[in-house]
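Breakdown of the fold
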Amino acid sequence: QVQLVESGGGLVQAGGSLRLSCAASESIFSFNAMGWYRQAPGKQRELVATITSGGSTNYADSVKGRFTISRDNAKNTVYLQMNSLKPEDTAVYYCRADRYGLARITYWGQGTQVTVSS
């Protein structure tokens, strides 16, 4: 069973930075794409950023220019560097991994809380 373990969340003031990590229990080369999603209280889970096995990235408009997704294949880890944080970035951040085959298989981490104070 694939495990994704997030870390790096916490409380930070507006304008500050955090780096989230997502460590996978197996080689991240085995996933076609990995990404970060977030869910704020009372809201639906939304895409933050994704990165493919080939290194292509995609960002939500709300985080473009502030967040950077990256991967370290040797460490089987995906990162989300978050700069210039805003109170509206407050949410639980989840790591996701997808495999595409006859059907798409999706794995989720347990989430890590990010709280940005004003």
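First things first, this report covers the structure right here in the doc.

Rules and cut-offs
- Residues numbered from 1 in each chain as written.
- Predicted model: local features only at pLDDT ≥ 70, side-chain atom pairs only at ≥ 80, totals over all residues.
- Heavy atoms only, no water.
- Helix = DSSP H or I, 4+ residues; strand = E, 2+ residues; numbered from the N terminus.
- Buried < 20%, exposed > 50% of the residue type's maximum accessible area, 1.4 Å probe, protein only.
- Contact = heavy atoms within 4.5 Å.
- Pairing = 2+ DSSP bridges.
- Axes fitted to C-alpha atoms, helices over the stretch in contact; angles between N-to-C directions.

Tracing the chain through its elements places N73 in the loop between β7 (67–72) and β8 (77–82). With relative accessibility at 30%, the residue N73 sits in the partly exposed group. Each C-alpha atom of the pair N73 and F29 lies 7.2 Å from the other, and the pair is 44 residues apart in sequence. Once residues lying within four places of it in the same chain are set aside, the contact partners of N73 are I28 and F29.

Our focus in this paragraph is the environment of M34. In this fold, M34 is placed in strand β4 (residues 33–39). Given a relative accessible area of 1%, M34 falls into the buried group. Sequence separation between M34 and R71 is 37 residues, and the spatial gap between their C-alpha atoms is 9.1 Å. Other than its neighbours up to four places away in sequence, M34 contacts L4, C22, I28, A49, T50, I51, I69, V78, C95, R96 and A97.

Read from one edge of the open sheet, four strands run β1-β3-β8-β7, paired in antiparallel fashion. Looking at which strands have only one partner, the edges of the open sheet turn out to be β1 (4–7) and β7. If you compare each strand with its neighbour and ignore which way they point, the axes differ by 15° on average. Sheet topology places strand β3 (residues 18–24) next to β8; six bridges connect them, and they run antiparallel. By the bridge assignment for β8, R19 is matched with Q81.

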